[in-house]
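Coordinate analysis (summary)
Each chain, written out:
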Amino acid sequence: MNYSNMLEKMYLSRFFEEKLQKEFSKGNLYGTTHLSIGQEASHVGLCAALEKGDWFVPTHRCHGFNIATGSDMKAMFSEMLGSRLGLCKGLGGSMHMTDVENYNLGSSAVVGSGVPLAGGCAFALKRQNKDNIAVAIFGDGASSRGSIHEMMNLASVWDLPLLFFMENNHYGMSASSDRMIATSTIHMRAEGYRVGHEKVDGNDVNAVFEAVKRARKTILEEKRPYFIEVETYRLCGHSKSDKLLYRTREEEKEWEKKDPISLYVNYLVSNSILSVGECDAIKNKAYKDVEKAWDEAWAEKDDVLSLEEAEALVMPESVSVPFHKGKDTHTGSYRTAVREALFEIMEKDERVTLIGEDIGVYGGCFGVTGDLYKSFPERIIETPVSEEAFSGLAVGASMLGERPIVEIMYADFMTLVSDAVINHGAKSYFMSGGQLKCPFIIRTAMGGGTGHGAQHTACPEAMFLNVPGIKVCAPSTPWSAKALLKAAAKEECPVIFFEHKALYSNEGEIGGEDDILPLGKALIDERGRNVLIIGYSRGLYEAKKALGEESVTFLDLCTLKPLDEEAIKEWAGRIGKILIVENVPLQSSVAESIIRIIQESGIKATIKIVSALEMPLAFSRKLENATLPNRDRIRKAFDNLMEENDDR
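Residues numbered from 1 in each chain as written. Predicted model: local features only at pLDDT ≥ 70, side-chain atom pairs only at ≥ 80, totals over all residues. Heavy atoms only, no water.

**Describing the sheet that holds strand E1 (residues 55–57)**
Taken together, five strands build an open sheet; the order of strands is E1-E2-E3-E7-E6 and the sheet is parallel. Two strands in the sheet have a free side with no partner beyond their single neighbour: E1 and strand E6 (196–201). Shown here is a sheet whose adjacent strand axes are inclined to one another by a mean of 20°, direction ignored. Note: strand E3 (residues 162–168) against strand E7 (residues 226–231), six bridges, orientation parallel. Within E7, the residue paired with Asn168 across the bridge is Glu231. Across the face of the sheet, helix H2 (residues 40–49) comes into contact with strand E2 (134–139), E3 and E7 while running at roughly 165° to E3. Its contacts with the sheet put helix H6 (residues 146–158) on E2, E3 and E7, and the angle it makes with E3 is roughly 150°. (Pairing = 2+ DSSP bridges. Helix = DSSP H or I, 4+ residues; strand = E, 2+ residues; numbered from the N terminus. Axes fitted to C-alpha atoms, helices over the stretch in contact; angles between N-to-C directions. Contact = heavy atoms within 4.5 Å.)

Structure below.
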């Protein structure tokens, strides 16, 4: 134990945050911040007990953890000032201070949702046979979130090397924990998940250090997760705007007597470890180091990324994948095509795991995974019913070099995984200033026409179209399903892969191992030029069934984000009558994006759209069919389009 170093880190954290308070009050800082003055022993004790290669995921109250693990304070101040010299190039700010060099995966500003990411780190460390642990850091307020309980269960079931490190500072923002938490002690909740647990005085840095050392040893020896509740107190408000109206001055004074820095100095001096003069020297040096870091950051505060540079950090550059369609084809179903793609992807890349519910012996809800478990028994991984946990785990694992493919049984359940996908997978590369890539795929079965009722028939692809940082696919044929999924597996960003359940049994051409369809490339099926039919997934399939004998050209989008704008413009320019078919209601849909592309290109065209009606899908077969873009509606729109004059 390096006593002087631990004291120095505690002082650095205290002075760093006091400096932030001062500069915010002077109007020199923008945005918000969440300070942890009074919790320094928790941060320093934890980080001092970790070993190189142990990853951790902090909360939005993260500065102390960064300093405790050696993040550069000038870079931290620069981040607060929005400078390109910041830890994350000024793109993350106070609540998103990623520092991969120091094994800091980046703080999560969504309370509790960083815990599944830490679970993903533990999953990756276990798969990579690393003698390390991951640490999920969260507070008492977050301890009631479902994602944390899901992750405790999953970590226990999978024996993950994960430390749950809960800082109980007695307040979740303004709500006291004794009003919001049903149990008398929070760490006892771990008992229900067969997770070892203990409570420690979080204002005693030695106690925290020793507890984490013991926990780390237990995790690695017993190959089981562990839970530590660290009792502490923030001597400041929740954020810079907090006026502390919810607690008494008497309570604050009682906790000020337990100031962790004062307690540690008294311990060091009374045990003749350091003298008063040595402690004062450490304190003075820490103060000067913080002031120096601020002055240097302030001098360069105007060195900010350009808009173009920031845009380049939305997602990693795509790997160039050339389109290839060979002659080595065979006939099979859409379901078989997806399974073949999964087999070939997993056969070539040991980093790929398939994660989801009932994907083993059962073969998947729709029989897609089939008997893949026989070929990859260690990499077809069945999960509890806990979508938030295993989707977040996939994101965290991908950050450490794994390439998970997650199966979500029904696309309706994408609402459950949207936090992991939107707030982490899609944003982490940007928020970290390019430090973190998230190459994972989420496959899910969407759509109606199967009588599953309103909560199992959604086509939620439009939900994700305005989320920067992800790509969205929705193939319509067996060939495109296999070729597109294989291309998705080469991407360095998150990909959502929508498979329409009503297409699974459709037979068609399936390509060989070398066939591949790059994301963002549409397919053309030219049968005539009376009308251009634009669609994807089941909508295009239904259009082909309704109009396959007509003199038309079908433009199969295949990828919805990014759209193949060049193909849309090229064929809209050639054919002035356009029919767009999609399985979602019109507002904010793919069809509206297509119309924008055509109009902005100055192309004059007559356009009709067949979308789903603005209502959930009914169970009744007749009502369900009427709601969807059925063949009768498509035929009627086509006939109306043919009757209109081409004004071009």
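**Observations concerning the packing of aromatic side chains**
Taken as a whole and assessed by the stated rule, the structure comprises 18 aromatic pairs. Their ring planes at 90° and their centres at 5.5 Å tell us that Phe15 and Tyr287 sit as a pair that is edge-to-face. Taken together, the residues span a long stretch of sequence, with Phe15 in helix H1 (residues 3–25) and Tyr287 in helix H11 (residues 276–299) at a distance of 272 residues. The exposure class assigned to Tyr287 is partly exposed, which follows from its relative accessible area of 43%. Seen in terms of ring centroids, Phe138 and Phe227 are 6.0 Å apart; in terms of plane orientation they differ by 75°. Their pairing is edge-to-face. Of the two residues, Phe138 is situated in strand E2 and Phe227 in strand E7; the sequence distance between them amounts to 89 residues. Residue classification places Phe138 among the buried positions, given a relative accessible area of 1%. (Phe/Tyr/Trp six-rings, centres within 6.5 Å; stacked < 30°, edge-to-face > 60°. Buried < 20%, exposed > 50% of the residue type's maximum accessible area, 1.4 Å probe, protein only.)

**Thoughts on the pairing of strand E20 (residues 577–581)**
For E20, the tally of buried residues reaches five of five residues, placing the bulk of the element in the interior. Every second residue of E20 is oriented toward a common face, with Lys577, Leu579 and Val581 on one face and Ile578 and Ile580 on the other, all of them buried. By the bridge criterion, four bridges tie strand E17 (residues 531–535) to E20 in an arrangement that is parallel. From the neighbouring strand, Gly535 faces E20, where its bridge partner is Val581. Bridge count between E20 and strand E21 (residues 606–610): five bridges; the pairing is parallel. Its bridge partner lying in E21, Leu579 is registered against Lys608.

**Description of the pattern of salt bridges**
Evaluated as defined, the whole model comprises 43 salt bridges. Across the pair Glu300 and Lys74 runs a salt bridge whose closest N-O atoms are separated by 2.7 Å. Highlighted residues: Glu300 in the loop between H11 and helix H12 (307–311) and Lys74 in helix H4 (residues 73–80), separated in sequence by 226 residues. Owing to a relative accessible area of 24%, Lys74 belongs among the partly exposed residues under this scheme. If you follow the salt bridges from partner to partner, you end up with Lys19, Glu23, Lys26 and Glu291 in one network. (Salt bridge = Lys/Arg side-chain N within 4 Å of Asp/Glu carboxyl O.)

**Digging into helix H20 (residues 565–574)**
Turning to H20, its buried residues are Ala567, Ile568, Trp571 and Ala572. Looking straight down H20, one finds its buried side chains confined to an arc of 120°; they lie on one side. Elements in contact with the buried residues of H20: strand E16 (523–526), E17, strand E18 (552–556), E20 and helix H21 (590–600). (Arc of directions from axis to C-beta.)

**Re the nonpolar core**
One finds Leu105, Met151, Leu160, Leu162, Phe164, Phe227 and Leu557 to be the most contacted residues of the largest nonpolar core, which totals 123 residues. Of the residues forming this core, the biggest block, eight residues, is contributed by helix H5 (residues 114–127). With near-sequence residues (within four places) excluded, Met151 lies in contact with Val115, Pro116, Gly119, Leu160, Leu162, Phe164, Ala389 and Leu393. Ile261, Val265, Ala293 and Trp294 belong to the second-largest nonpolar core, a separate cluster that totals 62 residues. (Core = buried A, V, L, I, M, F, W, Y, C linked by side-chain atoms within 4.5 Å.)

**Quick look at the side chain of Asp564**
Along the polypeptide, Asp564 turns up in the loop between strand E19 (559–561) and H20. One buried charge, Asp564, has no salt-bridge partner; the nearest side chain with opposite charge is Lys521, at 5.2 Å. (Lys, Arg positive; Asp, Glu negative; His and termini not counted.)

**A few points about the side chain of Thr606**
Among the structural elements, Thr606 can be located in strand E21. Residue classification places Thr606 among the buried residues on the basis of a relative accessible area of 16%. Apart from the residues within four sequence positions on either side, Thr606 is in contact with Gly576, Lys577, Ile578, Leu641, Glu644 and Asn645.

**A closer look at the sheet that holds strand E9 (residues 354–356)**
What the seven strands build is an open sheet, ordered E10-E9-E11-E12-E14-E13-E19; its pairing is mixed. Looking at the sheet topology across the chains shown, the edges are occupied by strand E10 (380–382) and E19. Neighbour-to-neighbour, the strand axes of this sheet turn through a mean angle of 20°, independent of strand direction. Pairing of E9 with strand E11 (residues 405–408) involves three bridges; the strand directions are parallel. Across the sheet, Ile355 pairs through a bridge with Val406, a residue of E11. Sitting on the sheet, helix H13 (residues 334–348) is in contact with E9, E10, E11, strand E12 (441–446) and strand E14 (495–500), with an inclination near 150° to E14.

**A word on the packing of H5 against H6**
Relative to each other, H5 and H6 sit at 15°, their axes nearing to 9 Å. Looking at the two axes, H5 sits roughly parallel to H6. Regarding H5 and H6, the two cross each other, and that crossing is left-handed. Only Ser147, Ile148, Met151 and Trp158 of H6 make contact with H5, whose side of the interface consists of Val115, Pro116, Gly119, Phe123 and Lys126. Broken down by class, the residue content of the contact of H5 with H6 amounts to six nonpolar, two polar and one charged. (Parallel < 35°, antiparallel > 145°, perpendicular 65-115°, else oblique. Left-handed = near helix turned anticlockwise from the far one by under 90°. Nonpolar A, V, L, I, M, F, W, Y, C, P; charged D, E, K, R; others polar.)

**Structural notes on the packing of H6 against helix H15 (residues 387–399)**
Packing of H6 against H15 brings their axes to within 8 Å, and their N-to-C directions diverge by 70°. Between H6 and H15, the interaxial angle falls into the category roughly perpendicular. On H15, the residues that touch Ser147, Glu150, Met151, Leu154 and Trp158 of H6 are Glu387, Glu388, Ala389, Phe390 and Leu393. Along the lines of polarity and charge, the residues of the contact of H6 with H15 split into six nonpolar, one polar and three charged.

**Overview of the pairing of E3**
Across the seven residues of E3, seven count as buried, placing the element largely inside the fold. Of the two faces of E3, the one lined by Leu162, Phe164, Met166 and Asn168 and the one lined by Leu163, Phe165 and Glu167 are each fully buried. Relative to E3, E2 is paired through six bridges, and the arrangement is parallel. Within the sheet, the bridge partner assigned to Gly139 lies in E3 and is Glu167. For the segment spanning E2, H6 and E3, crossover handedness is right-handed. (Right-handed = clockwise from strand over helix to strand, strands pointing away.)

These figures come from the coordinates and say nothing about function on their own.
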